[in-house]
Amino acid sequence: MSAPLLGQGIFKGLAETARNFFGSYVKKDRLITVQYPEERLPQTEAARSFPVLVYDGDDWQKGLRCVACLICEKECPPQCIYIVKDTVRKPDAAGKLQFQPRVFDIDISVCMSCQICVEVCPFDAIKMDVQYELSTGDRFGTLLLRKQQLAKPNQYYHQIHPTEAAEVDAHLSADKAKAKAAPTPKPA
Amino acid sequence: MTQAYVETPRSEGASAQGIPAPEGAGAPNYTVTPKRAPDGTLQGDLLEVSMGPQHPSTHGVFRMDVVLDGERVMKLKPVFGYLHRNHEKIGENTTYLGSMPYTDRLDYFCSLTNNWAYALTVEKLAGLQPPERAEYIRVITAELTRLQNHVSLVGFLLQDMGAMGTPLMYAFRERERILDLFESLTGARMMCNYMRFGGCRCDLPPGWLEQAQQAVNEFPRFLDEFEALLSGNEILLARTQGVGVLPRELAVNASITGPMLRASGVNYDIRKVDQYGIYDRFKFRVPLGDHGDVYDRYMIRILEMRESVGILQAALRDIPAGPIVDPKAKLRGFRPKPGEVYGRIESPKGELGFYIISNGSPNPYRYRVRPPSFINLTILEDICLGHHVADVVIILGSVDIVMGEVDR
Amino acid sequence: MGTLDEIKARLEAAVPGASIEIVPNANPDSRPSLLVDNPHALAVARFLRDDPSLRFEYASNVTGVDWLDTVSQEKRNVKQVIDGVEREIEQTTELKKPGYLEVVYHLYSMELKHGPVVLRLRTGNRTDNARVPSLTPVWRGAEFQEREVYDLYGIIFDGHPDLRRILMWDEFKDFPMRKDYVEPDDYEYEPTPHDDVLEKARRHYPVEGKS
């Protein structure tokens, strides 16, 4: 790659830099800087930041999908989920009595956003949020998220992950229809 | 060490009692003596410099104790362990699936190839076979990872040489495109956690193939621009040719792998030797270097990027439809049969291997990562001797280390 | 390359006095390994590297493994004479298998593109006889990896050019990867402690640690 004239390689490089610099005034794809926070890139649907608990309907306590099966607590690799089962049972969307969590804490200073809790949850109760602008002035206060802070309505889930939420709703309502068609006796 | 470190009673087991440390352990095995002329007069002092863990050019928390005579390097001892996070012990206490997000964080630039290496090893252990579409997706993501890793490496190498940020920013412009692809596929730009035992976690979203096709088709034009900027540059040539020469026999004996080995002229690419996955279906060449200096390592990476683009175009064209995961694979309660296995892939840094011993329980009995960057550092002293301090920085840049992998 | 039995036969012919054993591997997909006794390990390694049909000049991976002492119960039916009548009684004896530390080498050939051959070296026991010969004079690539095995398992490699700690700091005392390692009690403040971290927090900061 030796050049006949000394300095020709450097000159070629400078021409390249000039092309990029002046080209950024003319062509859109050379000007790639996004002036955050005035401009923002559109959020990808698949993005993940920290988990949230989904509830159906308006009442976050009655509609919470989580049944405290403890699977996400067991599978979480850094063990950031802490669940205590409640003794009072509540009816779920299909009318069956289910357990519920009395305490559901996620320590987001430990959580590594790996999404394994979402994958293993059999009840579609825990999903990933996409919020990344989480800075606050309070150093330690917002690191442990309790059940109330984690509960988010199903409409919010539709907002952040539209395709996924549509699929989940479809199969949940199919399950509900199946349960209604062949009613099983409620456990005492 | 923090103030809270307190001497506590050690384990009852025999581990701490009775193992004598080897003589001189803890101290380096060299002494620094001043330079004397034959008649005994003091000529000069050897200067021992610690290019310490906080240094902009050491690619992470990496320390080198360098003994200098003026500007020339007389001895060089690498010191690391600042990022040791106990990955292997955590692997013994976590399930097989739970270790997958931790493998992302080993070589944090190339999380998808780390995932593939681990998934490959566990699939060998458990006898799972991923379906066709999953294999194609694995090849596509691995080659995209290779592209973004090599391009960032060239950017960082030029940054270390003093090209204050221009090649780095051009490299990152292309890298951002690839990271956007990863984000729309896996959910995260760097810590992807995408491979599962028996296939992949989720299918390609609609429009992903077209986006990837576009990014890959524009890559050769970018590489031409990059080469026009760099490969003929006299400053680059003067600083990298003949610097940090690694002889062939030393490279093989010191277990060097990856682009460093091929720059010294040894034709050993695990994609061609082991033909794991479906690499036997793709035609690609393996670039080899003649001299084994920093310039060869830089050129090898540029040429490998061109070959990766070829593989990507073939894979994106031929990817079939179908399932994503082997139907026999279980997500929870995964207990492979007892035995041991060693699985390896060609990661962008070298040979990344996983050695897993299973005893039938949900956690591995022994989980070991064979880190390419750690082993490529063995000969750092040999190739830096006699060069200037500034060359040490460039040679370290061309070795391509990531401390997440070196220390685990 | 030949099968492992052929390699073993050739090794026994080339290195007289070496006791080589083939350790089976329960996994059907993978290979059995060669267990070599410590005094002849260096000669065996040299033969594997230099023999023209084997040429294993690339030591890909050096691993340490910790096998604890195992105690297993063995039940046997024993005929015993009790009160003048011969009866069969079940007797349980305890079998104590002493533990050892192991170093596993994975060898490949770059020239002939075959492999791997898995080589194993075992120490005498886990306490005072944890020494194996170092294979760094044969394969330079084992240098850092053997240092790591010393650092994390406490196996001393005789003949290693520079055996000192590599990942932990030099004054560190114990060997972390061993199965009976107990962590030191160095609790640092954590903002949201939970589970066993909460126990540690309560011990150190009796006022704090609310759930």
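Above: the structure in question.
Values in this document were obtained by computation on a predicted structure and should not be read as measured data. Residue numbers run consecutively from 1 along every chain, following the written order of its sequence. As a convention, the first chain written is A and the first ligand written is 1, with the rest following in written order. In keeping with the predicted nature of the model, local features appear solely for residues at pLDDT of at least 70, side-chain atom pairs appear and are counted solely at 80 or more, and the whole-chain, interface and lining totals rest on all residues. Hydrogens and water molecules were not included; the side-chain quantities draw on all heavy atoms of the structure.

A.B. asks: Even after reading the chapter, I still don't get the side chain of Q145 of chain C, so can you show me in this structure?
C.D. replies: Only DSSP runs of H or I reaching four residues or more are called helices, and only runs of E reaching two or more are called strands; each is numbered from the N terminus. As for its position among the elements, Q145 of chain C is in helix α3 (residues 142-153). The buried label goes to any residue with under 20% of its type's maximum accessible area, the exposed label to any with over 50%, and the partly exposed label to all in between, with areas taken from a 1.4 Å probe on protein chains only. Overall, the relative accessible area of 0% leaves Q145 of chain C in the buried class. Those residues in contact with Q145 of chain C, other than ones at most four positions away along the chain, are R368, F374 and I375 of chain B together with A59, S60, N61 and V62 of chain C. Throughout, a contact is declared for two residues whenever any of their heavy atoms are within 4.5 Å.

A.B. asks: Can you walk me through empty space enclosed by the protein in this structure?
C.D. replies: Taking a probe equal in size to a water molecule and rolling it over the atoms shows the remaining empty space. All names here are of chain A. For cavity detection a 1 Å grid was placed over the protein atoms alone, and a set of points counts as a cavity when a 1.4 Å probe fits there but cannot get out; an open set counts as a pocket when protein lies on both sides within 12 Å along at least five of seven lines, with lining residues being those that have an atom within 4 Å of a point. Grid points are joined across faces, edges and corners, and a volume is the space filled by probe spheres set on the points. Applying the stated criterion to the full structure yields eight cavities of 30 Å³ or more. By volume, the largest cavity is sized at about 100 Å³. Taken together, 16 residues line the largest cavity, and the ones lying closest to its centre are C66, C69, C72, C121 and A125. Lys, Arg, Asp and Glu make up the charged group, whereas Ala, Val, Leu, Ile, Met, Phe, Trp, Tyr, Cys and Pro make up the nonpolar group; the residues left over, Gly among them, are polar. Considering only residue class, the lining of the largest cavity consists of 15 nonpolar, no polar and one charged.

A.B. asks: Looking at this structure, I do not really get the interface of chain B and chain C. What am I missing?
C.D. replies: Reports often express the size of an interface as the amount of accessible area lost when the parts come together. Contacts between chain B and chain C engage 67 residues on the former and 69 residues on the latter. Buried area between chain B and chain C, both sides added, is near 5600 Å², and the carbon and sulfur share of it is 54%. Should a side-chain nitrogen of Lys or Arg be within 4 Å of a carboxyl oxygen of Asp or Glu, the pair is scored as a salt bridge. Summed over the shared surface of chain B and chain C, the result is five salt bridges. Notably, a salt bridge pairs E92 of chain B with K179 of chain C, separated by 3.1 Å at the nearest N-O pair. Any N or O atom pair separated by 3.5 Å or less is treated as a polar contact, with the protein-specific requirement of one donor-capable and one acceptor-capable atom, and with residues adjacent in sequence counted only for side-chain atom pairs. One can count 23 residue pairs in polar contact (both at pLDDT 80 or more) joining chain B with chain C. Joining two parts hides part of their accessible area as seen by a 1.4 Å probe, and the buried area is that hidden amount summed over both.

A.B. asks: Whenever I open this one, the environment of K27 of chain A confuses me. Can you help?
C.D. replies: If you trace the backbone, K27 of chain A turns up in the loop between α1 (8-26) and β1 (51-55). For the pair formed by K27 of chain A and K12 of chain A, sequence separation is 15 residues and the distance between their alpha carbons is 21 Å.

A.B. asks: Looking at this model, I keep getting lost on the packing of aromatic side chains. Mind explaining?
C.D. replies: The geometry of an aromatic ring pair is captured by the separation of the ring centres together with the interplanar angle, meaning the angle of the planes. Residue and element names in this part refer to chain B. Put simply, two rings from Phe, Tyr or Trp (the six-membered ring, in Trp's case) pair if the centres are within 6.5 Å, and we call them stacked under 30 degrees between planes, edge-to-face over 60, tilted for the rest. This structure, assessed with the given rule, holds 31 aromatic pairs over all chains. Centroid distance Y136 to F282: 6.1 Å. Interplanar angle 80°. Geometry classified as edge-to-face. Note that Y136 is positioned in helix α4 (residues 132-161) and F282 in the loop between α10 (270-273) and α11 (294-318), a separation of 146 residues in sequence. Here Y136 and F282 have matching classes, each one buried.

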